[in-house]
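So the chains spell out like this:
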Amino acid sequence: FFHSQSVFSTVSCQVFHRKLPATFPIVTLDTSGSIEENPLLIIIVSKISQCYGSNKPMPTIDLLGVPHSYELTRPLANPSEPVLIYIHGWLLSRRYWQPLIQSLGKDYPCLSYDLRGFGDSPNQFRSSATPLDPSQSPYSLAAYAEDLQILLETLNIQKAWLIGHSLGGSIALW
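Residues numbered from 1 in each chain as written. Predicted model: local features only at pLDDT ≥ 70, side-chain atom pairs only at ≥ 80, totals over all residues. Heavy atoms only, no water.

**Some words on the packing of aromatic side chains**
The cut-off we apply is this: Stacked, tilted and edge-to-face are the three classes applied to pairs of Phe, Tyr and Trp rings, where Trp contributes its six-membered ring and a pair requires centres within 6.5 Å; stacked means planes under 30 degrees apart, edge-to-face means over 60, and tilted covers the rest. The buried label goes to any residue with under 20% of its type's maximum accessible area, the exposed label to any with over 50%, and the partly exposed label to all in between, with areas taken from a 1.4 Å probe on protein chains only.
Tallying each qualifying case throughout the model produces five aromatic pairs. Ring geometry for Y96 versus W97: centroids 5.0 Å apart, planes at 85°, classification edge-to-face. Look at Y96 and you get partly exposed, because its relative accessible area is 34%. These aromatic residues form a ring-pair network of at least three members: Y86, Y96 and W97.

The following block contains the structure:
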């Protein structure tokens, strides 16, 4: 169904010290519908992994029945010590904040986590037969803010500075 088209993506990464071309083919689909992998993809994935850390499994915490991946840069010496909490935006993950955490994590404890349905935190799908009440959505600002509150309580974080991007900013203000 994608005959003679290419799929394009934009990738930018600090490891390159410059942006890659704005678009480049990741996968090419020929007229028969066969997929040909672009060898450049392997290099890009490798460089992105270098930008955002290793593939080691992150700790997870159960928040309202959904496991959430998170990363706390160091244990808290004192529960009242302020922690920088990084909340990513729509379609992103906790990895979005890695360059900033690498810089500030030396001086401040930093916490980043994957919002429900993003990164390594799974989606919660509902049956299409079940009507979705917007006030009960697991993807509402209220639900995300409740996840954050439970995360902070569970990790015994009493003082936090919330730093959010896009959707994360809205959650921080909620």
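**Quick notes on the environment of I85**
Worth spelling out the cut-off: Here a strand is any run of E in DSSP of at least two residues, a helix any run of H or I of at least four, and the numbering for each starts at the N terminus. By definition, residues are in contact when any of their heavy atoms lie within 4.5 Å.
Positionally, I85 belongs in strand β8 (residues 83-87). When the C-alpha atoms of I85 and L152 are compared, they prove to be 9.3 Å apart, with 67 residues separating the residues in sequence. Here I85 is in contact with L111, Y113, L148, L152, I157, A160, W161, L162 and I163, once residues within four sequence places are set aside.

**Thoughts on the pattern of salt bridges**
For clarity, the cut-off: Every case where a carboxyl oxygen of Asp or Glu lies within 4 Å of a side-chain nitrogen of Lys or Arg is listed as a salt bridge.
Here the structure, examined in full by the defined rule, presents five salt bridges. Ionic pairing is found between E81 and R74, a salt bridge with its closest N-O pair at 3.3 Å. Linking R95 and D120 is a salt bridge whose minimum nitrogen-to-oxygen distance equals 3.0 Å. Residue R95 is found in the loop between β8 and α2 (98-104), and its partner D120 is found in the loop between β9 (110-113) and α3 (141-154); the two are separated by 25 residues along the sequence. Using a relative accessible area of 42% as the deciding quantity, one classes D120 as partly exposed. Through salt bridges with shared partners, one network takes in R94, R95, D114 and D120.

**Digging into the sheet that holds β9**
Counted only if it meets this: Strands pair, by our definition, only if DSSP identifies at least two bridges between them. Here an angle of 0 to 180 degrees is reported between the N-to-C directions of two axes, which are lines fitted to C-alpha atoms, with helices fitted over the stretch in contact.
Read across the open sheet, the five strands follow the order β6-β7-β9-β8-β10; overall the sheet is mixed. Single-partner strands in this sheet number two, and they are β6 (60-63) and β10 (160-164). Within the sheet, the average angular offset between the axes of one strand and its neighbour, ignoring direction, is 30°. Sheet topology places β8 next to β9; four bridges connect them, and they run parallel. Note that in β9 the partner of I87 across the bridge is Y113.

**Regarding the pairing of β8**
Under the convention used in this document: Convention used here: a crossover is right-handed provided that the path from the first strand, over the helix, to the second strand proceeds clockwise when the strands point away from the viewer.
Of all five residues that make up β8, five are buried, and the element is covered over most of its length. Burial along β8 is two-sided: V83, I85 and I87 facing one way and L84 and Y86 facing the other are all buried. Handedness of the crossover joining β8 and β9 through α2: right-handed.

**Quick notes on the nonpolar core**
Nonpolar side chains tend to gather and get buried jointly when the protein is soluble and globular. As a reminder, the rule being used: For the purposes of this section, nonpolar cores are sets of buried Ala, Val, Leu, Ile, Met, Phe, Trp, Tyr and Cys residues that join through side-chain atoms within 4.5 Å.
Counting 18 residues, the largest nonpolar core has I85, L111, Y113 and L115 as the members making the most contacts within it. Elements that contribute at least two residues to this core include exactly β6, β8, β9, α3 and α4 (167-173). It is α3 that provides the largest number of residues to this core, a total of four residues. Residues L84, Y86, W97 and C110 belong to the second largest nonpolar core, which totals five residues.

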